[in-house]
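Notes for the structure review
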Amino acid sequence: MTDTPLAEQCATEVDDLHAFFELWFVGELPQRREELARFADVLAEDFRMIQPSGLTRTREGITTDVFDAHGARSDVTIETSPFEPRHVGRETCLGTYEEWQSMGDDRTGRLATVLFRRAAETPNGVEWVHLHETWLED
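Below or above, wherever it landed, is the structure these notes cover. Just so we're clear, the structure is a prediction, and the values are computed from it rather than from any experiment.

Now for the layout of surface pockets. Estimated volume of the largest pocket: approximately 440 Å³. In this structure, the largest pocket is lined by 25 residues; those nearest its centre are Phe21, Met49, Ile62, Val66 and Glu133. Taken together, the residues of the lining of the largest pocket break down into 16 nonpolar, three polar and six charged.

Laid out in structure tokens, this is it:
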């Protein structure tokens, strides 16, 4: 087990995963399942995502969509606000952050609430269990 506090591990995971997304969506990473593993392997088997539209997605569905979106957004940039822990337990951490995506002149924002669980085998020692996003006004 790591000596890094759980909330700090979660903050690093948010930053690292969104950096991966940016590289993936612009096509700077090879489109191979091995590369996508950086994303897929940090999602819990029981992962659920509620998109801003209200649609609920599973781990399998969202990883397929991300794989298919490789290189589809050549000019995307993704920024996240600092992760704000709301509750930190022994094995789980609940927190929020903002995500802003820009493509050309279009900019969209989401407020994300995420539940992480410790998972020693992942890059930052945590896995994504639940993610709920809500649209933000620019």
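Turning our attention to the pattern of salt bridges. Taken as a whole, this structure holds 10 salt bridges when the rule is applied. Two residues, Arg110 and Glu99, come together in a salt bridge whose shortest N-O distance is 3.8 Å. Placement of Arg110 in strand β6 (residues 106–118) and of Glu99 in strand β5 (residues 92–103) is noted, with a sequence separation of 11 residues between them. Of the two residues examined, Arg110 and Glu99, each falls in the buried class. In this structure, Arg110 engages Glu133 in a salt bridge whose closest nitrogen and oxygen atoms are separated by 3.4 Å. Note that Arg110 is positioned in strand β6 and Glu133 in strand β7 (residues 126–136), a separation of 23 residues in sequence. Given a relative accessible area of 12%, Arg110 falls into the buried group. On the basis of relative accessibility, which here comes to 6%, the residue Glu133 falls in the buried class. Ionic contacts of the salt-bridge type, sharing partners, join the residues Arg32, Glu34 and Glu35 into one network.

Turning to the environment of Gly89, a few remarks are in order. Note that Gly89 resides in the loop between β4 (84–88) and β5. Take Gly89: its relative accessible area is 28%, and that puts it in the partly exposed class. Between the alpha carbons of Gly89 and Leu6 there is a distance of 8.4 Å; along the sequence they are 83 residues apart.

Here we take up the pairing of β7. Summarising the sheet, strand β1 (residues 43–50) and β7 pair through four bridges and their orientation is parallel. By the bridge assignment, Arg48 is partnered in β7 with His130. Relative to β7, β6 runs antiparallel, the two sharing 10 bridges. Bridge assignment links Leu111 to a residue of β7, and that residue is Thr134.

The next thing to look at is the nonpolar core. Core analysis: the biggest nonpolar cluster contains 32 residues, and Phe39 and Trp128 have the highest contact counts within it. With 10 residues, the single largest contributor to this core is helix α1 (residues 6–26). For Phe39, the contacting residues outside a window of four places in its chain are Leu17, Phe20, Phe21, Ile62, Thr63 and Val66.

A word on the packing of aromatic side chains. For the structure shown, the criterion picks out eight aromatic pairs. Between Phe21 and Phe25, the aromatic rings sit 5.7 Å apart at their centres with planes inclined by 15°, giving stacked as the arrangement. Remark: Phe25 and Phe21 occur in helix α1; sequence separation between them is four residues, near one turn of the helix. Note on accessibility: Phe21 and Phe25 belong to one class, buried. Seen in terms of ring centroids, Trp24 and Phe67 are 6.0 Å apart; in terms of plane orientation they differ by 45°. Their pairing is tilted. Of the two residues, Trp24 sits in helix α1 while Phe67 sits in helix α3 (residues 59–68), which places them 43 residues apart along the sequence. The same class applies to Trp24 as to Phe67, namely buried. One aromatic cluster in this structure is built from Phe20, Phe21, Trp24, Phe25, Phe39 and Phe67. Directly above the aromatic system of Phe25 lies the positively charged group of Arg73, at a separation of 4.5 Å from the ring centroid.

What counts as what
Residues numbered from 1 in each chain as written. Predicted model: local features only at pLDDT ≥ 70, side-chain atom pairs only at ≥ 80, totals over all residues. Heavy atoms only, no water. 1 Å grid on protein atoms, 1.4 Å probe; cavity = no way out; pocket = protein on both sides within 12 Å on 5 of 7 lines; lining within 4 Å. Points joined across faces, edges and corners; volume = space filled by probe spheres on them. Nonpolar A, V, L, I, M, F, W, Y, C, P; charged D, E, K, R; others polar. Salt bridge = Lys/Arg side-chain N within 4 Å of Asp/Glu carboxyl O. Helix = DSSP H or I, 4+ residues; strand = E, 2+ residues; numbered from the N terminus. Buried < 20%, exposed > 50% of the residue type's maximum accessible area, 1.4 Å probe, protein only. Pairing = 2+ DSSP bridges. Core = buried A, V, L, I, M, F, W, Y, C linked by side-chain atoms within 4.5 Å. Contact = heavy atoms within 4.5 Å. Phe/Tyr/Trp six-rings, centres within 6.5 Å; stacked < 30°, edge-to-face > 60°. Lys NZ or Arg CZ within 6 Å of the ring centre and 35° of its normal.

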